[in-house]
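# A closer look at the structure
As a plain string of letters, each chain reads:
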Amino acid sequence: MTITYVYGDNLYVNTTNRCDCACAFCLRTTGDRVGDSGSLWLEREPSKEEILADIRRRDLSQYRELVFCGYGEPTYRLEDILWVAEQVKGYSSIPIRMDTNGHSDLIHGRPTAHLFAGRFDILSISLNRSTAAAYQETCRSRYGEASFQAMLDFTRDAVQYVPKVIMTVVDTIPPDEIEACGKICRDLGAVYRVRTYSTQW
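Residues numbered from 1 in each chain as written. Predicted model: local features only at pLDDT ≥ 70, side-chain atom pairs only at ≥ 80, totals over all residues. Heavy atoms only, no water.

Turning our eyes to something else, we now look at the overall build of the protein. Looking only at helices and strands, one finds six helices and seven strands in the protein. In the protein, the succession of α and β elements from N to C terminus is β-β-α-β-α-β-α-β-α-α-β-α-β. For the protein, the C-alpha radius of gyration of 16 Å lies close to 17 Å, the compact-globule estimate for 201 residues. Its C-alpha atoms give the protein principal-axis dimensions of roughly 45 × 35 × 30 Å. Scored against the burial criterion, the 201 residues of the protein give a buried share of 53%. Taking the contacts inside the protein whose residues are at least 6 apart along the sequence as the reference set, 78% of them involve residues at least 24 apart. In the protein, the 23 positive side-chain charges and the 27 negative ones have mean positions that sit 2 Å from each other. (Helix = DSSP H or I, 4+ residues; strand = E, 2+ residues; numbered from the N terminus. Rg over C-alpha atoms; globule rule 2.2 N^0.38 Å. Buried < 20%, exposed > 50% of the residue type's maximum accessible area, 1.4 Å probe, protein only. Contact = heavy atoms within 4.5 Å. Lys, Arg positive; Asp, Glu negative; His and termini not counted. Charge placed at Lys NZ, Arg CZ, Asp CG, Glu CD.)

Written as structure tokens, this is what we have:
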């Protein structure tokens, strides 16, 4: 079972395969491995203790960031991940990042951005499209078009609590959409990043 894996200069943490979205560009549709990982499809979700033990066996000084991002939406495991991040902060100075769709408040039915304070240094949130209808067409969230506004609200909250908040789009969307998404990102006070689509990871 692959819990941690290396991609580029970062150590990634795979905690769940659950996700409320079925994004058109999702890596899960093109393969089951990233970097040096084995299959990222989990036989079961690892406990928080197993996650921490797998991180502890690594020399964190060798990596640029510790990133919670696997084949699922990590905030489904929010309480466990917050606990793991606290433990890591206790023995390492490695920056901790989460890659998320920003639907944590919908998943848990309450505001959650404040919980990242002091635990996470970076949040990378998938913006993807500039309107609720286009977002739902691309991301196909089980929460429907409401997921778009929830993601924006989560981002607006997150910039108050996390030192660096990034919003991303994939470069498969039209140029006018890339520009419109950039404006949304800047209005929310986040850093904008256009990702290059790839099926080779």
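A few words on the pairing of strand β4 (residues 96–100). Burial within β4 is extensive, with five of its five residues counted as buried. Pairing geometry for strand β3 (residues 66–68) and β4, over three bridges, is parallel. For Leu-66, the partnering residue across the bridge sits in β4 and is Ile-96. Inspection of the sheet shows β4 paired to strand β5 (residues 122–126) by four bridges, in the parallel sense. Among the inter-strand pairings, Met-98 is bridged to a residue of β5, identified as Leu-123. (Pairing = 2+ DSSP bridges.)

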